[in-house]
Each structure stands twice: as structure tokens, then as C-alpha cells.
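Working through the structure, step by step
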Amino acid sequence: MKKIALLALSCILITACSKQESVKQSEFMLDTICTITVYNENNKEKTADELISEAFELCSDYENILSRTIEGSDVYNINNAGGNPIEVSDCTIEILEAAKYYSELSDGAFDITTAPLSILWDFEGDDPHVPAAEDIETEKAKIDYTKIKIEGNTVTLEAPVEAIDLGAIAKGYITDKLAEYLTENGVTSAIISLGGNIYAIGENEIDDRPFNLGIQDPKAEDGSIIGYVTTADKSLVTSGDYQRYFEEDGVRYHHILDPATGYPADSGVCSVTIISDKSVDGDALSTSCFVLGLDEGMELINSLDGIDAVFIDNDGNMYFSDGFENGEIEYTSADSAE
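Residues numbered from 1 in each chain as written. Predicted model: local features only at pLDDT ≥ 70, side-chain atom pairs only at ≥ 80, totals over all residues. Heavy atoms only, no water.

1. So, the layout of surface pockets
Reported here for the largest pocket is a volume of approximately 1200 Å³. Contributions of two or more residues to the lining of the largest pocket are made by helix H1 (48-66), helix H4 (115-121), helix H6 (170-184), strand E12 (234-240) and helix H7 (279-292). (1 Å grid on protein atoms, 1.4 Å probe; cavity = no way out; pocket = protein on both sides within 12 Å on 5 of 7 lines; lining within 4 Å. Points joined across faces, edges and corners; volume = space filled by probe spheres on them. Helix = DSSP H or I, 4+ residues; strand = E, 2+ residues; numbered from the N terminus.)

2. Quick word on the side chain of Ser-276
Relative to the elements of secondary structure, Ser-276 occurs in strand E15 (residues 269-276). Residue class for Ser-276 comes out buried when judged on its relative accessible area of 0%. Reaching out from Ser-276, the side chain makes a polar contact with the backbone oxygen of Lys-278 at a distance of 2.7 Å. Setting aside residues no more than four positions away along its own chain, Ser-276 makes contact with Lys-234, Ser-235, Asp-281, Gly-282, Gly-306 and Ile-307. (Buried < 20%, exposed > 50% of the residue type's maximum accessible area, 1.4 Å probe, protein only. Polar contact = N/O pair within 3.5 Å; in protein donor to acceptor, adjacent residues only side chain to side chain. Contact = heavy atoms within 4.5 Å.)

3. Some points on a negative patch on the surface
The grouping of Asp-107, Asp-295, Glu-296 and Glu-299 at the surface amounts to a negative patch. Mapped onto the elements of the fold, Glu-296 is located in helix H8 (residues 294-302). (Patch = residues over 30% accessible without salt bridge, like charges linked within 9 Å, V, L, I, M, F, W, Y side chains within 5 Å. Areas by Shrake-Rupley, 256 points an atom, 1.4 Å probe, with all protein chains shown as cover. Salt bridge = Lys/Arg side-chain N within 4 Å of Asp/Glu carboxyl O. Lys, Arg positive; Asp, Glu negative; His and termini not counted. Charge placed at Lys NZ, Arg CZ, Asp CG, Glu CD.)

4. Comments concerning the packing of helix H3 (residues 90-105) against H6
For the pair H3 and H6, interaxial distance at closest approach is 11 Å and the crossing angle is 125°. Comparing the axis directions of H3 and H6 gives the class oblique. The chirality of how H3 crosses H6 is right-handed. Note on element contacts: H6 touches H3 through Ala-170, Tyr-173 and Lys-177, opposite Cys-91, Glu-94 and Ile-95. (Axes fitted to C-alpha atoms, helices over the stretch in contact; angles between N-to-C directions. Parallel < 35°, antiparallel > 145°, perpendicular 65-115°, else oblique. Left-handed = near helix turned anticlockwise from the far one by under 90°.)

5. Re the nonpolar core
Ile-36, Leu-166, Ile-169, Ile-174, Leu-182 and Ile-192 are the most contacted members of the largest nonpolar core, which has 64 residues in total. For this core, the element with the most residues is H1, which contributes eight residues. Those residues within four positions of Ile-174 in sequence are excluded, and the remaining contacts are Leu-30, Cys-59, Tyr-62, Glu-63, Leu-66 and Leu-194. In this structure, Ile-226, Val-310, Ile-312 and Phe-324 belong to the second largest nonpolar core, which totals 17 residues. (Core = buried A, V, L, I, M, F, W, Y, C linked by side-chain atoms within 4.5 Å.)

6. Notes on the pattern of salt bridges
One pass over the structure, following the stated rule, counts ten salt bridges. Residues Arg-68 and Asp-165 are paired through a salt bridge, measuring 3.0 Å at the closest nitrogen-oxygen approach. Of the two residues, Arg-68 is situated in the loop between H1 and helix H2 (74-79) and Asp-165 in the loop between strand E7 (154-157) and H6; the sequence distance between them amounts to 97 residues. For Lys-234, the salt bridge is made with Asp-277, and the minimal N-O distance between the two is 2.8 Å. Linking Lys-234 in strand E12 with Asp-277 in the loop between E15 and H7, this pair joins segments that are 43 residues apart in sequence. Classification of Lys-234 as buried rests on a relative accessible area of 17%. Through salt bridges that share partners, Glu-139, Lys-142 and Glu-162 make up one connected network.

Below, the structure is given as C-alpha cells:
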């Protein structure tokens, strides 16, 4: 028996009753539900609705550049170049450089050259199943982030690498770009939610308090919240084994693959949430730390300035980085909030 599940939103914004109306729009983009909510803006030429619509247009522009599956995108062209050099846009170079940085930082736990392996597992298909062991070994041999060569705006994939996939970092990059666009256009209070990537611009100016961002209980089938992070001008990104998975012969197989094994990461954690200034950092680090596991992942997080994390292990135990322990980041359990 097989079961497929997809959970687009792993972090939920919780707000109190407001004194006035916020402006909110949602679109299906980046293979998930994306929502932008503006609580306050100081733009005399454009309304909040117009600013949100323009932000979504920008999101679509980035998706058309960075998507692996959209024909003519930079990533599509790189993957179909047969190892020949391809000239790409500045934003593609920027995100590739960030991806290589986090690959090096995580010692390969994060690697965008896992594309052939992800395609083999086909978590987004109609009938995902466990691939044959020999096929996994074949595709795993094509993983090597050091074979992405960047010279100026030219990208070359050297053998054995055949393809890249920016799915584990692109939403974070795009989230940052949308936050930058809205801020530059006078938005002082807003929430951007691109699936599991949440960015809080400023504080909730309607209720005059910081935003409370909820972390989903990875063990709950109803998507309930286990606790809240109080924050402003921060990103919150969660990677969890409940977000996309299938079950076969009573075993759950989630979509976060370990480049070292070719199989879903079996690191003892079921959820990692990263709190950071930039969503691109949180995106890459949530995947990296999920693969690394609690000990190595927490050591990595505590070595980085301005980055904090919440780990939840397979038994439901929660672990907090130094920023929480030092009082720099505030966390409230759902039970306490009630």
C-alpha cells in the first residue's frame, strides 16, 4: 500500500485580532501556495494591493529563470547543455554561488547536483516508489557540487554531474528579493509566505507587537502548531519529513535526500527550523541540518553569527540553539500560549 502526502505550509503565521484591515493576496507559484500580507505601507503612488501584485509578478519572473522544469529557464538550459558552457543571468550566478558556499560549509550535506537522484525518486509524481538499489547508485555517482564551474556569467557542468536543481534554495532567495522589493517601495510591516519560507518585514504595526511565527508539530496529522517564535525582520524556514513523502510497505520515505547515501536522510530528526536574517540562508541550512542531524547540525548553527535553529527529533524532543538559550530569540510553546 502506498500513500502520498504534500504539505505546503510548514510554518503558520498567528495574529491577534486587528484594529484595522490588512491586505492579503495568495497565488499558486513555485509548486506551493504563496501568500503576501501587508499590514502597513507608506507609498503615495501605489496601493498595498498593487505592491503585492507586483511582488508576485517578480516572483513569477524569478521562477521562470530558476525553475528546473520550465523550458528556456537558466537552469533548464544548463541541464540541457550536454556539458557545454551556458551564459546565465546575474541572479542565477548569485544563487549558484550561495549554493556552492553552503555545500562547502555542510561538507556536501547540501548539494544542488542531486537533481538526477530527485528525479529518480519522483516525489512529485503520481506514483512515487522506492527505486531499485542499482539505479540509486547510478544516479548517486552523478552528485558532486565541485563540478559546477562558474566563470563570470558562464556556467558549465563537468562530468559526472548532469543536472542541478535549485528547489532547496530558490524559494529562500526569491523570498529575500520580494522582501527587498516591498521594503524599497515603502512597506514597513508585512509577512511573505512562500510555502515553508516565511519572512517578517518589521513588526505587526496594526497590533503594535512583533510577529509570532508558528512551528508546525511534525507528529500532528492536522497541521497544528507546537510553538511560536517571536520575531521581526527575520526569516523562518522549516524542513520536515512530513512535508512531502510516500509510504511503501509500511515505511515512510520523505523527500529530503542524503547525497551520501542516495536515500531519504535518516539523521534522527524529523524537523529543522532556521531563524535568520536572510531566507536564502535558512533555506540551505534547514536542508543541510536535516541531513547532518542534531549533533553536527547544531554545532554548525552555533558556529554561525545571526543564525538560530529549532531541532525536533524522531521522538518529538525539541532542541534549541544558543540564541534561544541566551534569550536573543523568544520561543513560546503552544500550551503556554493557550
